[in-house]
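# Structural overview for review
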Amino acid sequence: MSAPNKSYDPVEVEALQPQQIEQMRDEALAAIAAATDLDALAHVKTAHAGGGSPLALANREIGALPPQAKAEAGKRVGQARGAVNKALAARQGELEAERDARVLVEEAVDVTLPYGRATAGARHPLATLSDRIEDIFVAMGYEVAEGPEVEAEWFNFDALNISVDNPVRSEQDTFFVAAADGSEDSGMVLRTHTSGVQIRSLLERELPVYVIAPGRVYRSDELDATHTPVFRQVELLAVDEGLTMADLKGTLDHMVVSLFGEGMTTRLRPNHFPFTEPSAEMDMLCYVCRGESVGNPDRPCRTCSSEGWIELGGCGIVNPKVLIACGVDPQKYSGFAFGFGIERMLMFRHNVEDMRDIVEGDVRFTLPFGMEI
Ligand SMILES: [Zn+2]
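The rules behind the values
Residues numbered from 1 in each chain as written. Predicted model: local features only at pLDDT ≥ 70, side-chain atom pairs only at ≥ 80, totals over all residues. Heavy atoms only, no water. UniProt positions renumbered as here; feature names shortened; annotations may be inferred. Helix = DSSP H or I, 4+ residues; strand = E, 2+ residues; numbered from the N terminus. Rg over C-alpha atoms; globule rule 2.2 N^0.38 Å. Buried < 20%, exposed > 50% of the residue type's maximum accessible area, 1.4 Å probe, protein only. Areas by Shrake-Rupley, 256 points an atom, 1.4 Å probe, with all protein chains shown as cover. Lys, Arg positive; Asp, Glu negative; His and termini not counted. Charge placed at Lys NZ, Arg CZ, Asp CG, Glu CD. Contact = heavy atoms within 4.5 Å. Donors = N, O, S within 2.8 Å, 3.2 Å for Na, K, Ca; no water. Phe/Tyr/Trp six-rings, centres within 6.5 Å; stacked < 30°, edge-to-face > 60°. Lys NZ or Arg CZ within 6 Å of the ring centre and 35° of its normal.

- As named in an unreviewed UniProt entry, the chain is Phenylalanine--tRNA ligase alpha subunit, taken from Actinacidiphila yanglinensis.
- The heading Sequence similarities (unreviewed entry) in the UniProt record of the chain holds the text "Belongs to the class-II aminoacyl-tRNA synthetase family. Phe-tRNA synthetase alpha subunit type 1 subfamily."

See the structure below:
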């Protein structure tokens, strides 16, 4: 900074000449007007209103003026700086308003746009269908029973009157579990049906026994459009005094009415299973055409292939040999049992054409079923 002058020297304080001050002010105002965004304005503010700006330096020079010149020079510089600061503030306000308006547009959220959130998934329709079947039987007083998926051969076969030479026991159908020492004869299998749960129920519970056993079962099938090596079954067992085929038929009819609506019924066709005697194959009336497609080429039905009935599963009166194996007196007690595959029911109930869609767990398959089916 210059030392105070003893006398007024116009050359030494040229920076304080009116034209110079006006020029500094005009340059500052022009730069402010030319700033197109807040960053540019911040630079303009430093250059034209900061501590090192021409006007600030000029202001410092005032101290070097003789007393008689200080007031006038101070007024000129002060007015110029005031004008610059006022212009800065005004431009700041304009640019902030512009930015706010732009941000409102650019960052606006369109709540109607589809969102990219990862979906939470959906309950598998097999689980909801299984639950619904369980509910029907729980409402009739049945108990839901569970058992191990790795099952002793005795529970899976012997107790059910499936002899050692029965073809279902062969390796074509059954996954045998190797023993810990690597030998093949561990006496354990992956259960081929949930019938072992029925045996366990008879052994564990007091009579009468009314149980439903849903669960995964295993057969050594390849996965294709109609087969899967792992599938779900629901089996039912009722053992009480005086139960007959009529009780079985009434129970089956109630189940299909509950699942498919009024007017549904079932029919039984003779069959043979080791664990029931007599045994029957059970069919349910086609819930789509109600049998009207039979012999009626004008109304073909895809669901039942125009046969009027859909095969559901096997059933029968519990073989006395099974009751004896479980310590139940067949002279006093009788029972009925039936079982069917849930995948198969899901397929014809919802026109699922490929088994692989059911087992692959793709949420695009399960989502349309929602939580309830
Ligand atoms: Zn039909």
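## Observations concerning the overall build of the chain
- Within the chain, the regular secondary structure consists of 12 helices and 10 strands.
- Relative to a compact globule of 373 residues, whose C-alpha radius of gyration would be 21 Å, the chain shows 45 Å and is clearly more extended.
- The dimensions of the chain, computed from C-alpha atoms along their principal axes, are 140 × 65 × 35 Å.
- A total of 373 residues make up the chain; the buried ones form 40% of that total.
- When the accessible surface of the chain is split by element, carbon and sulfur atoms take 52% of a total near 20,200 Å².
- Positive and negative side-chain charges in the chain, numbering 34 and 58 respectively, have mean positions lying 10 Å apart.

## Considerations on the environment of Ala-49
- Structurally, Ala-49 is set in helix α2 (residues 38-49).
- Expressed as a C-alpha distance, the spacing of Ala-49 and Arg-299, which sit 250 residues apart in the sequence, is 91 Å.
- Apart from residues lying up to four places away in sequence, Ala-49 is in contact with Val-44, Val-84, Asn-85 and Leu-88.

## Topic: the coordination of the zinc ion
- Surrounding the zinc ion are the protein donor atoms Cys-286 (SG), Cys-289 (SG), Cys-301 (SG) and Cys-304 (SG), at 2.2 to 2.3 Å.
- Spacing between the donor residues of the zinc ion along the chain follows C-x2-C-x11-C-x2-C. With Cys-286 in the loop between β8 (276-285) and β9 (309-318) and Cys-304 in the loop between β8 and β9, this pair connects stretches of sequence that are 18 residues apart.
- Relative accessible area serves as the criterion here: at 0%, Cys-286 is assigned to the buried category.

## Side note on the UniProt feature "binding site: Mg(2+)" (unreviewed entry) in the chain
- The UniProt feature table records "binding site: Mg(2+)" (unreviewed entry) at Glu-277.
- Excluding residues within four positions of it along the chain, Glu-277 makes contact with Ile-317, Val-318 and Asn-319.

## What to know about the packing of aromatic side chains
- Counting across every chain of the model gives 10 aromatic pairs.
- Through successive ring pairs, a cluster of aromatic residues spans Phe-137, Tyr-142, Tyr-210, Phe-338 and Phe-340.
- Sitting above the plane of the Phe-260 ring, Arg-349 keeps its charged end 5.5 Å from the centroid.

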